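Single-letter residue listing:
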Amino acid sequence: MARIHFVVKEPDKVRYQNQARRENKSLGAWLREAAEEKLAATSRSGRFTLNDLRRFTTECDAREKGCREPDWEEHKRTIAGSKVRGLDVP
């Protein structure tokens, strides 16, 4: 197994150690996990998988739950009202 050494400011080291402790991990384990997460996030091909799409639509549905889309007449009243309010600007 190889070793990696790097220099960080003391306050950063303390923050990393505290977070690792909160997650019941050693600092080394926490740093390895953070590096793997970063690598995974940047190495994606940019293509969505079917599971990515399902997760996205589920999140969107949950966020929009209870919201309703105004009907067309309400949209037209809103548009007309904003045109009139915009006329007040010098």
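Whatever comes next refers back to the structure up there.
Described below are features of the structure shown in this document. Just so it is clear, the model here is predicted, and its values are computed rather than measured.

Definitions and limits used
- Residues numbered from 1 in each chain as written.
- Predicted model: local features only at pLDDT ≥ 70, side-chain atom pairs only at ≥ 80, totals over all residues.
- Heavy atoms only, no water.
- Helix = DSSP H or I, 4+ residues; strand = E, 2+ residues; numbered from the N terminus.
- Rg over C-alpha atoms; globule rule 2.2 N^0.38 Å.
- Buried < 20%, exposed > 50% of the residue type's maximum accessible area, 1.4 Å probe, protein only.
- Areas by Shrake-Rupley, 256 points an atom, 1.4 Å probe, with all protein chains shown as cover.
- Lys, Arg positive; Asp, Glu negative; His and termini not counted.
- Charge placed at Lys NZ, Arg CZ, Asp CG, Glu CD.

**With respect to the overall build of the protein chain**
Here comes step 1: Along the backbone of the protein chain there are four helices and zero strands.
Here comes step 2: Against the 2.2 N^0.38 benchmark of 12 Å for 90 residues, the protein chain shows a C-alpha radius of gyration of 25 Å, more extended than a compact globule.
Here comes step 3: Seen through its principal axes, the protein chain has C-alpha atoms that stretch 70 × 40 × 25 Å.
Here comes step 4: Relative to its 90 residues, the protein chain shows a buried fraction of 4%.
Here comes step 5: For the protein chain, the accessible surface area stands at approximately 8800 Å², while carbon and sulfur atoms represent 57% of it.
Here comes step 6: In the protein chain, which carries 20 positive and 15 negative side-chain charges, the distance between the mean positions of the two groups comes to 5 Å.

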